[in-house]
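Coordinate inspection notes
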Amino acid sequence: MRSRARLTPLALLAATALGLVGCGSDSSKATRDVGKATAVAVTPEPVGGVEERAADSSTETIPRAGHVWTTDADGPTETEIALRPRTPLTAEGVIRQLDDDPPVICFGPVAEAYPPECDGPLILGVDWEEMPNEHQAQNVRWGEARVVGTYDGQAFTLNRPPMPPTFPVEPDGGIGLDPYAQLCADPYVDGGVAWDGASEEAQAAHREAARLLEAESGYVSSYVSQGESVLNVLVVPGTDLVALRSELRGVWSGGLCLQSRSAPPRDAVYSAMDALGRASLPEIFSWSAAPEGGLNVNVLLADDDTVNAVHQVVSAYVDPGGVHINGALVPFDVRD
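Read on for a plain summary of the structure. (Residues numbered from 1 in each chain as written. Predicted model: local features only at pLDDT ≥ 70, side-chain atom pairs only at ≥ 80, totals over all residues. Heavy atoms only, no water.)

1. A look at the pattern of salt bridges
Applied cut-off: For this document, the term salt bridge refers to a Lys or Arg side-chain nitrogen within 4 Å of an Asp or Glu carboxyl oxygen. Secondary structure is summarised from DSSP: a helix means a run of H or I of at least four residues, a strand means a run of E of at least two, and numbering begins at the N terminus for each. Only protein chains enter the accessibility calculation, which uses a 1.4 Å probe; a residue is then buried when its area is under 20% of its type maximum, exposed when over 50%, and partly exposed in between.
Applying the stated criterion to the full structure yields four salt bridges. The partner of Asp-190 in a salt bridge is Arg-245, with the nearest N and O atoms 3.0 Å apart. Here Asp-190 is found in the loop between β15 (155-158) and α1 (200-214), whereas its partner Arg-245 is found in helix α2 (residues 241-249), with 55 residues between them in sequence. A salt bridge links Asp-190 to Arg-249, with the shortest nitrogen-to-oxygen separation between them at 2.9 Å. Of this pair, Asp-190 sits in the loop between β15 and α1 while Arg-249 sits in helix α2, and the two are 59 residues apart along the sequence. Residue Arg-249 is classed as partly exposed on the basis of its relative accessible area of 21%. Linked through salt bridges whose partners overlap, the residues forming this network are Asp-190, Arg-245 and Arg-249.

Okay, here's the thing in structure tokens:
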């Protein structure tokens, strides 16, 4: 069945074509699905180092350094950044208020409901008169926004009015995402036809391809592009691409791209995801099999403690290079 949760871009959402998405600490919420995949948003992954304290001797912990991850068709890359005490942080999300309860900001999955359903940390300093994309329905008020402020581990405090988000939004709080990059120049080099990916025939073919790929020991990831008419498949090096193409052509008549990539096989990623579900780490709000290969883990703030805890849980299944830890909160550039 299809998951009813959507991941916001700030959390690196990746709804893989043949993948799993886990939400919160309940592994039973993970579902296998066929759909469009998306590129990974820019997010920090702090590295080791001594924690810095604020000058007023507060116990607030702020990471000293980190990494910014970006992803394209060739896989993830990283750039080192530095964080300073009391660094302003920014993120994009859905601010939601139920009745007279304090508003929260949702950085993780937003249920496809009207009004939208989601949860997150408290957000202080909200003035609905200044909210872009503000909506009201029933007893809920919400708006999609880019925010700037500070986070103390419990609540996010605004230090300026919310700004319009940079990601496309829908009235129910959902998002619009572009397909992930196609893996080959000519997906019809061995035949096939461009078909309507939403047709019953194409959906049935998706399911058959999923079953076939799940049985392939070298399977890494897959997703669709070009209106769901092209199936893109990643496998580990050494996989017999000719034999796999022949098998897939028995069930899939659309465009087809196959590529080998050094990445954890999907079985190992599934095991890591199951381990995260059992661990119930409170800092994590979702995880998924990355469309480019490996494991995406979405957290509120990717500080050293959180990063180390994630690696400790999944290290038996996926090497650190195959784990992409994405923080919703990132340093704010005053030039923005």
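So, next bit.
2. So, the state of the cysteines
Heads up, the rule is: Two cysteine sulfurs form what is called a disulfide whenever their separation falls within 2.5 Å.
What the rule picks out here adds up to two disulfides. Disulfide pairing is shown between Cys-106 and Cys-118; the S-S distance is 2.0 Å. Looking along the S-S bond of the Cys-106-Cys-118 disulfide, the torsion reads about 70 degrees, which is the right-handed sense. In this pair, Cys-106 is assigned in strand β10 (residues 104-106) and Cys-118 in the loop between β11 (110-111) and β12 (122-124), connecting sequence segments 12 residues apart. Like Cys-118, Cys-106 is buried. Across the disulfide, Cys-184 is cross-linked to Cys-257 (sulfur-sulfur distance 1.9 Å).

3. Re unusual backbone geometry
Glycine aside, the phi torsion of most residues is negative, and most peptide linkages are trans. Pro-115 follows Tyr-114 through a cis peptide bond whose omega is 0 degrees. Within the element layout of this structure, Pro-115 appears in the loop between β11 and β12. Phi angles above zero are rare outside glycine, and Ser-280 is one such case at about 55 degrees. Residue position: Ser-280 is located in the loop between α3 (266-279) and β19 (284-289).

4. A word on the sheet that holds strand β18 (residues 255-260)
We apply this condition: At least two bridges found by DSSP between two strands are what make those strands a pair. An axis is simply a line fitted to the C-alpha atoms; with a helix, the fit covers only the stretch in contact. Between two such axes, the angle follows the N-to-C directions and lies from 0 to 180 degrees. Contacts between residues were defined by any pair of non-hydrogen atoms, one from each residue, lying within 4.5 Å.
In spatial order, the strands read β16-β17-β18; together these three strands make up an open sheet with mixed pairing. One side of each edge strand has no neighbouring strand; the edge strands of this open sheet are β16 (219-225) and β18. Within this sheet the neighbouring strands show an average axis-to-axis angle of 15 degrees, counted without direction. Here β16 runs beside strand β17 (residues 230-235); their pairing, made up of six bridges, is antiparallel. Across the sheet, Ser-225 pairs through a bridge with Val-230, a residue of β17. Sheet strands touched by α2: β17 and β18. Its angle to β18, the strand with the most contacts, is close to 155 degrees.

No statement about biological role is implied by the geometric values presented.
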